[in-house]
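# Analysis of the macromolecular model
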Amino acid sequence: MTKRQLEVLIWNRECETMPRTDLRSLQLRRLRETVARAYQRVPFYRRALDSRGVKPEDIRTLEDLRRLSFTVKSDLRDNYPFGLFAEPLAQIVRVHASSGTTGKPIVAGYTRHDLDIWTEVMARVLAAGGVTDRDVVHNAYGHGLFTGGFGFHQGAERVGATVVPVASGLTKRQLMLIEDFGATVLCCTPSYSLVIAEAAADEGIDIGFRWQLRVGFFGAEPWSERMREEIEEKLHLHAVNIYGLTEIVGPGVAVECPFQQGMHIAEDHFLAEVIDPETGEPLGYGQKGELVFTTLTKEGMPMLRYRTRDLTTLDDEPCPCGRTLVRMDRVTGRTDDMLIIRGVNVYPSQIEWALLQVAGLEPQYVIVVDRQRDSLDELEIRVETTAKLHAEGAAALAAAQAEANRLMHQALGLSATVMVVPPGALPRSEGKAQRVIDKRQR
Ligand code: ADP
Ligand code: ZN
């Protein structure tokens, strides 16, 4: 790629390629402002700082961040719905909330300024994938309380693209609109992109011939490099990984550049740390741990040292794209999606990795954990085969299953039962895929 081509892909050169020393002084200035605002306006933060005997003026360097306590998901639940807002509702022009599988959702509030920053970081995301005013953006992320749909909508408008706010669901209609409107950009969860590809195949649509998709932005759930290959091959597009979470802003926290060596974090707005999830001690670049964010510009709901539960590593090596922003590695799992099976820690991403080493298996799987009374935990993985493997018959299926079982044992260090099932046998999701069924908790 030429230098000229790369330059076009950077939406905000000043911020995205700022020398790191300048970036760090900007971060420090913004951190001090944020801590002061949080302390003055949010009782929860005032109590948290007071309990450690820390005053906002004690934050003199970026390292002083460590003097602040962490904020965790349950703090948001305890202050439901608006207790962590730093502005009166008159200034809050939008709320979003995360899916929240159990109990009350996590709520986030945005001022007009916050929406503007969010739009700016989303414009950076779209530009990083080469989106311009010549593109038609098919936005199949959920529009509603979930942040995905609105985030992409705003960013795509700002880069001047033609946005189709189709939201998720009614897949057949999506196929029609992608084709008729000449969509060049697809935005949805990685699992839903495969649902779209599958539905198109069922309809006998030759995607490479009839569709014009060029690039897709996929995030909101973990996915692997193998899944990227699968999506790119089936949808004939270039798949970009994006990361974000409701508590921090929604999508727009980080995005891959064309070099795909991790996702650049919008560090002028979100200060990132990686900590040891057991001890809370900060870890260095290159060390894997839990990602923690402090917002630097948010007015409505500032977050101080928010523990994401997402596991990753940070890399501050210069990137050939010219951005100076640190890169975070693919999120391989959350501290809270770790399964403990017969005492062994197992992440769904390890299971996916093993499955996708086997030719003829698809990234469509569910993990079922069960325990009969007084007996050991049982781990069963149901995975779909490709139509091609399915057609090859029983012997081929048995061989793939045996290979998957062998690799699973190797990857996890415990025995599991892999069962291959026909294509289309497992339920599909329009948003985030539900991959784990843990029957032990019932
Ligand atoms: P919920 O917590 O209900 O899932 P969010 O929609 O805010 O609500 O989801 C944010 C979470 O989604 C992140 O903390 C992370 O675990 C996951 N996530 C988002 N983007 C990615 C990505 N590109 N890769 C892996 N996980 C991701
Ligand atoms: Zn880069």
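Residues numbered from 1 in each chain as written. Chains lettered and ligands numbered in written order. Predicted model: local features only at pLDDT ≥ 70, side-chain atom pairs only at ≥ 80, totals over all residues. Heavy atoms only, no water.

### As for the packing of helix α12 (residues 348-355) against helix α14 (residues 394-412)
Between two packed helices, both the angle of their axes relative to each other and the distance between the axes serve to describe the pair. Note the cut-off: Note on method: axes are straight lines fitted to C-alpha atoms, helices fitted across the in-contact stretch only, with angles between N-to-C directions ranging 0 to 180 degrees. The way it works is that DSSP assigns letters per residue, a run of H or I at least four long becomes a helix, a run of E at least two long becomes a strand, and they are numbered from the N terminus. By convention, the crossing between two helices is left-handed when the near helix turns anticlockwise from the far helix through less than a right angle, and right-handed when the turn is clockwise. A contact between two residues is defined here by any heavy atoms of the two lying within 4.5 Å. We call Asp, Glu, Lys and Arg charged. Ala, Val, Leu, Ile, Met, Phe, Trp, Tyr, Cys and Pro are nonpolar, and the rest, Gly among them, are polar.
Contact geometry for α12 and α14: axes closest at 9 Å, N-to-C directions at 145 degrees. In this structure, the crossing between α12 and α14 has a hand that is right-handed. Here Q350, I351, W353, A354 and L355 of α12 lie close against α14, whose contacting residues are L407, M408, A411 and L412. When its residues are assigned to classes, the contact of α12 with α14 shows 8 nonpolar, 1 polar and no charged.

### Here we look at the sheet that holds strand β14 (residues 327-328)
Each strand in a sheet pairs with another by means of backbone hydrogen bonds, the pair being arranged parallel or else antiparallel. We apply this condition: Strands qualify as paired when DSSP identifies two bridges or more between them.
In spatial order, the strands read β4-β3-β5-β6-β7-β8-β9-β14-β13; together these 9 strands make up an open sheet with mixed pairing. Across the chains shown, the open sheet's two edge strands, defined by having one partner strand only, are β4 (162-164) and β13 (314-315). Pairing analysis gives 2 bridges linking strand β9 (residues 263-265) to β14, with the strands arranged antiparallel. Looking at the pairing, M263 lines up with M328 of β14.

### Concerning the side chain of H269
Structurally, H269 can be placed in the loop between β9 and β10 (270-275). Ignoring sequence-local partners within four residues, the contact set of H269 consists of R30, I117, V121, R124, T294, T295, L296 and T297.

### Notes on the coordination of the zinc ion (ligand 2)
This is how it is decided: Coordination here is defined by N, O and S atoms within 2.8 Å of the metal (3.2 Å for Na, K and Ca), and since water is not considered, a site can look incomplete. The rule is simple: four donors are tetrahedral if all their angles sit between 85 and 135 degrees, four are square planar and six octahedral if opposite donors span more than 155 degrees and the others lie between 65 and 115, and anything that fits none of that is irregular. Burial classes follow relative accessibility: with a 1.4 Å probe on protein chains only, a residue under 20% of its type's maximum area counts as buried, one over 50% as exposed, and anything between as partly exposed.
Bound to the zinc ion (ligand 2) are the protein donor atoms C257 (SG), H264 (NE2), C319 (SG) and C321 (SG), situated 2.1 to 2.3 Å from the metal. Around the zinc ion (ligand 2), the 4 donor atoms sit at angles spanning 103 to 114 degrees, and that spread fits a shape best called tetrahedral. Spacing between the donor residues of the zinc ion (ligand 2) along their common chain follows C-x6-H-x54-C-x1-C. By relative accessible area, which is 3% here, H264 ends up buried.

### Observations regarding the sheet that holds strand β12 (residues 306-312)
Spatially, 4 strands are ordered β10-β11-β12-β15 in an open sheet, and the strand pairing comes out antiparallel. A strand with exactly one partner marks an edge of an open sheet, and here the two such strands are β10 and β15 (333-334). Where β12 lies against β15, 2 bridges are found, and the strand directions are antiparallel. Paired with D310 across the strands is R334, a residue of β15.

### Focus on helix α8 (residues 171-180)
For α8, every residue scored as buried is listed here: T171, Q174, L175, L177 and I178. Looking at the packing, one finds that the buried side of α8 touches β3 (136-139), β5 (185-188) and α9 (190-202). Positive backbone phi, at 65 degrees, marks G182, one or two positions downstream of α8.

### Here's the deal with the side chain of R228
Quick reminder of the rule: Any N or O atom pair separated by 3.5 Å or less is treated as a polar contact, with the protein-specific requirement of one donor-capable and one acceptor-capable atom, and with residues adjacent in sequence counted only for side-chain atom pairs.
With respect to the helices and strands, R228 occurs in helix α11 (residues 225-235). In terms of polar contacts, R228 uses its side chain to reach the backbone carbonyl oxygen of A239, at 2.8 Å.

### Structural notes on the domain arrangement of the chain
Interfaces are often sized by the amount of accessible area the parts lose when they come together. Under the convention used in this document: Just so you know, the domain bounds were taken from an automatic or database domain assignment. By buried area we mean how much accessible surface two parts lose on assembly, using a 1.4 Å probe and totalling the loss over both. For this document, the term salt bridge refers to a Lys or Arg side-chain nitrogen within 4 Å of an Asp or Glu carboxyl oxygen.
Domain parsing of the chain yields domain 1 (1-335) and domain 2 (339-441). With 23 residues of domain 1 in contact, the opposing surface of domain 2 contributes 17 residues. When the two sides are added together, the surface that domain 1 and domain 2 hide from each other amounts to roughly 1,500 Å², 46% of it contributed by carbon and sulfur. Where domain 1 meets domain 2, there are 2 salt bridges.

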